[in-house]
Amino acid sequence: MLEIRNLKKSFGTQRVLKGVNLKIKNGEITVIIGSSGCGKSVLLRHLIGLMKPDEGQILLDGMDLTNLPKEELKRVRMRFGMLFQDAALFDSMNVYENIAFPLREHRRVSEKEISEAVKQRLQEVGMKNVERKLPSELSGGMRKRVGLARALVLNPEIVLYDEPTTGLDPITSRAIDDLIVQTQQNIQGTSIIISHDIRATLRIANTIAMLHDGAIVAVGSPEEMMNHENAIVRDFLDYGLPKNFRA
Amino acid sequence: MVLVEFGGFIVTMVQGIRALFIRPFRINLIFKEAETIGVNSTFIILLTGLFTGAVLALQSGKAFRLFNAEGVTGAVVALSLFRELGPVMTGLMIAARSGSSMAAQIGTMRVTQQIDALEVMAVDPVSYLIAPRIIAAFVMVPLLSIIFDMMGIFGSYLVGVGMLEINEATFFEKIEAYVKTEDMWDGLIKAAAFGIIIAVVGCRKGFLTEGGAEGVGRATTQAVVIASVTILIADYFLTAMMF
Ligand SMILES: Nc1ncnc2c1ncn2[C@@H]1O[C@H](COP(=O)(O)OP(=O)(O)OP(=O)(O)O)[C@@H](O)[C@H]1O
Ligand SMILES: [Mg+2]
């Protein structure tokens, strides 16, 4: 279990996280929603130790991640995979080398195994014949999918996705959503997703958490959230859906 | 302010050098960086070396002729090249050429979150990005300074023997008589120190880049300016220690 306790973070005078509390259950898909610029990416970056909070804790099975020594943090990160909002591919490496990178760093594998793994991962995200292309030669959506392939290549038990389908067409989005569900089920792992795609969120989430004004204002199953007492939550979900979707 | 900045460079240097001795050893990356520095800078070093030697010979040859001592021109040029101009000019050239590209490259990786991606994948960015560049510059700057010295001597030969009509045999005899191996070693030690300065400054400036493309530009400029000034200051103290 991943537990966020009273997490606070400011940039200068701008208070972004004002005390976030959230429990994320193992073996579930948790989707974090919230308006643009409300601090979702900042929250995700805290979970993997890329940012240090001003206050508060992040407990992974009881171990506080916010003040781990460097070596410990490295070991914990081996259990995580992360898809960045802008993919963050290495622009000096082609697609093949980007996906192979975690394997080369952390696994003793032959070139043949690497090549097979890369091919399979690319297929999973619906791409082929792009191995030799550089990130600069890909579209935004393609970069995101390569980033996804790279994030999943070591089968991490906890995966953080920052807007995995933003900017993708509906068909590819659906395929990526299915891949996320599949991945989560295969390894009984934990997935934490930031998403603006309300329809997909309602379909794949076990738990939805809404970040608003620096705090989690609502947590619950899709059903619970649709009928939440807080009008902000209901409106947010409603506007994300086609008209009469409820009916 | 300056002291804090200086302390920061020391920290980066210590971290970078320590990372060299911790697994995994990134031999491939070291060779790649060394090649980049070499490819970036060999031509410019050949060219500046040639003309530096030529102009030194022109100036000093004419002056020595007043005392009928133009025979020592080659030796004087060689000494100033080995001890001073070779390492310093090479250092400045490589600061401009490779120090800037280190800062730009690492700075771009910072602002596009590629360094975050490294960290998330449990790869130490110091060991992956900084350490290979430090060791590569530590080796390559002295090598390039030797090339600079050789080209400089060749340039002074062309001017001295070709234009000023100094006797060829005397020209080389005097070089042999006056230049000691120690002078070469001192120059190489300087060049190696400058290599470390260039890489540490370039890497640290890139590493701490903030604020998008504009920030990368700022980091790049600062890397060149700080490395160049530091080289000249370090040169004074190294010279004072050596002679
Ligand atoms: N490194 C930083 N320095 C200063 N301010 C920052 C930094 N990172 C984020 N912020 C600020 O924190 C706020 C939240 O940013 P964040 O990227 O988390 O938004 P978000 O919820 O992910 O939005 P979106 O849905 O558009 O991606 C923004 O106002 C942003 O300006
Ligand atoms: Mg975001």
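Residues numbered from 1 in each chain as written. Chains lettered and ligands numbered in written order. Predicted model: local features only at pLDDT ≥ 70, side-chain atom pairs only at ≥ 80, totals over all residues. Heavy atoms only, no water.

Undergrad: Tell me about the overall build of chain A, and name the residues and values.
TA: For chain A, the helix and strand inventory stands at nine helices and 10 strands. At 18 Å, chain A has a C-alpha radius of gyration in line with the 18 Å of a compact globule built from 247 residues. When the backbone C-alpha atoms are referred to their principal axes, chain A occupies close to 55 × 50 × 35 Å. The long-range fraction of contacts in chain A, counting pairs at least 24 apart against all pairs at least 6 apart in sequence, stands at 62%. Looking at chain A as shown, the accessible area adds up to about 11900 Å², and 46% of this sits on carbon and sulfur atoms. Of note, chain A has its 34 positive side-chain charges centred 2 Å away from the centre of its 31 negative side-chain charges. (Helix = DSSP H or I, 4+ residues; strand = E, 2+ residues; numbered from the N terminus. Rg over C-alpha atoms; globule rule 2.2 N^0.38 Å. Contact = heavy atoms within 4.5 Å. Areas by Shrake-Rupley, 256 points an atom, 1.4 Å probe, with all protein chains shown as cover. Lys, Arg positive; Asp, Glu negative; His and termini not counted. Charge placed at Lys NZ, Arg CZ, Asp CG, Glu CD.)

Undergrad: Can you break down the coordination of the magnesium ion (ligand 2) residue by residue, with the values?
TA: All names here are of chain A. Distances from the magnesium ion (ligand 2) to its protein donors, Ser41 (OG) and Gln85 (OE1), fall at 2.0 to 2.2 Å. On the criterion of sequence distance, the pair formed by Ser41 in helix 1 (residues 40-47) and Gln85 in the loop between strand 6 (80-83) and helix 3 (95-106) is long-range, its members being 44 residues apart. You can call Ser41 partly exposed: its relative accessible area is 22%. (Donors = N, O, S within 2.8 Å, 3.2 Å for Na, K, Ca; no water. Buried < 20%, exposed > 50% of the residue type's maximum accessible area, 1.4 Å probe, protein only.)

Undergrad: Describe the layout of surface pockets, and please don't skip the residues or the numbers.
TA: Roughly 890 Å³ of internal volume is contained in the largest pocket. Along the walls of the largest pocket sit 29 residues, with Leu50 of chain A together with Arg110, Asp116, Glu119 and Phe207 of chain B positioned nearest its centre. At the level of secondary structure, the elements contributing two or more residues to the lining of the largest pocket comprise helix 2 (70-77) of chain A together with helix 1 (2-20), helix 3 (73-111), helix 4 (114-120), helix 5 (125-163) and helix 7 (181-207) of chain B. Looking at which element gives the most residues to the lining of the largest pocket, the answer is helix 2 of chain A, with four residues. Partitioned by chemical class, the residues of the lining of the largest pocket number 12 nonpolar, five polar and 12 charged. (1 Å grid on protein atoms, 1.4 Å probe; cavity = no way out; pocket = protein on both sides within 12 Å on 5 of 7 lines; lining within 4 Å. Points joined across faces, edges and corners; volume = space filled by probe spheres on them. Nonpolar A, V, L, I, M, F, W, Y, C, P; charged D, E, K, R; others polar.)

Undergrad: Just give me the short version of the pattern of salt bridges, but keep the residues and values in it.
TA: Going through the model one piece at a time under the given rule, you end up with 23 salt bridges over all chains. Across the pair Lys112 of chain A and Glu116 of chain A runs a salt bridge, and its minimum N-O distance is 3.8 Å. A residue pair is termed a helical-turn pair when its members lie 3 or 4 positions apart in one helix, as Lys112 of chain A and Glu116 of chain A do in helix 4 (residues 111-124) at four residues. Lys205 of chain B is paired through a salt bridge with Glu5 of chain B; the nearest N and O atoms lie 2.9 Å apart. Of this pair, Lys205 of chain B sits in helix 7 while Glu5 of chain B sits in helix 1, placing them 200 residues apart in sequence. Residue classification places Lys205 of chain B among the buried residues on the basis of a relative accessible area of 15%. One salt-bridge network, held together by shared partners, links Arg45 of chain A together with Arg110 and Asp116 of chain B. (Salt bridge = Lys/Arg side-chain N within 4 Å of Asp/Glu carboxyl O.)

Undergrad: An account of the site of ligand 1 is needed here, citing residue identities and associated values.
TA: Residue and element names in this part refer to chain A. Within the structure, ligand 1 sits among 14 residues, and Gln14, Ser36, Gly37, Lys40 and Ser41 are positioned closest to it. Lys40 places a polar side-chain atom, nitrogen or oxygen, 2.8 Å from an oxygen atom of ligand 1. Here an oxygen atom of ligand 1 sits 2.9 Å away from a polar atom, N or O, in the main chain of Val42. The protein chains hide 63% of the 640 Å² of surface that ligand 1 would expose on its own. Of all elements in the fold, only strand 2 (14-24) and helix 1 reach the threshold of two or more residues within the shell around ligand 1. For the shell around ligand 1, the element with the most residues is helix 1, which contributes three residues. Looking at side-chain class alone, the shell around ligand 1 contains four nonpolar, eight polar and two charged residues. (Near = heavy atom within 4 Å. Polar contact = N/O pair within 3.5 Å; in protein donor to acceptor, adjacent residues only side chain to side chain.)

Undergrad: Can you tell me about the confidence of the model for chain B, naming the residues and giving the values?
TA: Of all residues in chain B, 100% attain a pLDDT of 70 or more, and the chain-wide mean is 95. Interface predicted TM-score (ipTM) for the complex: 0.93; the corresponding pTM is 0.93. (pLDDT = per-residue confidence, 0-100.)

Undergrad: Break down the side chain of Ser145 of chain B for me, with residues and values.
TA: All names here are of chain B. You can see Ser145 is positioned in helix 5. There is a polar contact of 2.9 Å between the side chain of Ser145 and the backbone oxygen of Pro142. What Ser145 contacts, discounting residues up to four positions off in sequence, is Gly86, Pro87, Thr90, Leu188 and Ala191.

Undergrad: Account for helix 8 (residues 212-242) of chain B, naming residues and giving values.
TA: When the terminal C-alpha atoms of helix 8 of chain B are compared, their 43 Å separation across 31 residues agrees well with the 45 Å that a helix rising 1.5 Å per residue should span. Of the surrounding secondary structure, the elements contacted by the buried residues of helix 8 of chain B are helix 3 and helix 7 of chain B. (Expected span 1.5 Å × (residues − 1).)

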